[in-house]
Amino acid sequence: MTLYPVADDVLFAPGGRVVIRTYGVASAASTEQDGARPVSYRTWVTGVRDQPRYWRWGHFEDARHGHRKVLEWLTGRGPQPQPVVPA
């Protein structure tokens, strides 16, 4: 498995630290017909009292945009982001 970092952020809240990480994951075993490995993108949030939360994204640009939406949601500047469903 190979990890491709997209974005990392840390927020400091009264209850502690909240870490937001977005990265791509590619399995070493799976390859497409052209030899490229498919990458799936995820955003993980740890440090939220309820439970760890995660989102899955279809493409790199979706992951970048989604990471920013997660930050906006956590800081109260936007609604909770919905994951992009891969086509």
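Each remark here, short or long, concerns the structure printed above.
Residues numbered from 1 in each chain as written. Predicted model: local features only at pLDDT ≥ 70, side-chain atom pairs only at ≥ 80, totals over all residues. Heavy atoms only, no water.

1. Describing the pattern of salt bridges
(1) Moving on: Applying the stated criterion across every chain, the model contains three salt bridges.
(2) Moving on: Residues R64 and E61 are paired through a salt bridge, measuring 3.2 Å at the closest nitrogen-oxygen approach. Within this pair, R64 and its partner E61 are both found in helix α1 (residues 60-74), separated by three residues, close to a single helical turn.
(3) Moving on: According to the relative accessible area criterion, R64 is partly exposed, its value standing at 45%.
(4) Moving on: Between E72 and K69 there is a salt bridge, with the nearest N and O atoms lying 3.7 Å from each other. Here E72 pairs with K69, and both are found in helix α1, just three residues apart, close to one helical turn. (Salt bridge = Lys/Arg side-chain N within 4 Å of Asp/Glu carboxyl O. Helix = DSSP H or I, 4+ residues; strand = E, 2+ residues; numbered from the N terminus. Buried < 20%, exposed > 50% of the residue type's maximum accessible area, 1.4 Å probe, protein only.)

2. Remarks on the side chain of H67
(1) Moving on: Structurally, the position occupied by H67 is in helix α1.
(2) Moving on: For H67, a relative accessible area of 4% corresponds to the buried category.
(3) Moving on: In this structure, H67 is in contact with A7, D8, D9, I20, R21, T22 and T43, ignoring residues within four places of it in sequence. (Contact = heavy atoms within 4.5 Å.)

3. Topic: the pairing of strand β1 (residues 2-13)
(1) Moving on: Two strands pair when backbone bridges link them, and β1 and strand β2 (residues 16-26) are joined in this way by 11 bridges, in the antiparallel orientation. Opposite P5, over in β2, you have Y23 as the bridge partner.
(2) Moving on: Between the antiparallel neighbours β1 and β2 lie two residues. (Pairing = 2+ DSSP bridges.)

4. Considerations on α1
(1) Moving on: A rise of 1.5 Å per residue sets the reference length of α1, with its 15 residues, at 21 Å; its end C-alpha atoms lie 21 Å apart and thus fit the reference within 8%.
(2) Moving on: Along α1, the positions that sit buried rather than exposed are A63, G66, H67, V70 and L71. Taken end-on, α1 shows its buried residues confined to a sector of 140°, consistent with a single buried face.
(3) Moving on: Here the buried face of α1 lies against β1, β2, β3 (39-46) and β4 (53-57).
(4) Moving on: Just beyond α1, the residue with positive phi is G76, at close to 80°. (Expected span 1.5 Å × (residues − 1). Arc of directions from axis to C-beta.)

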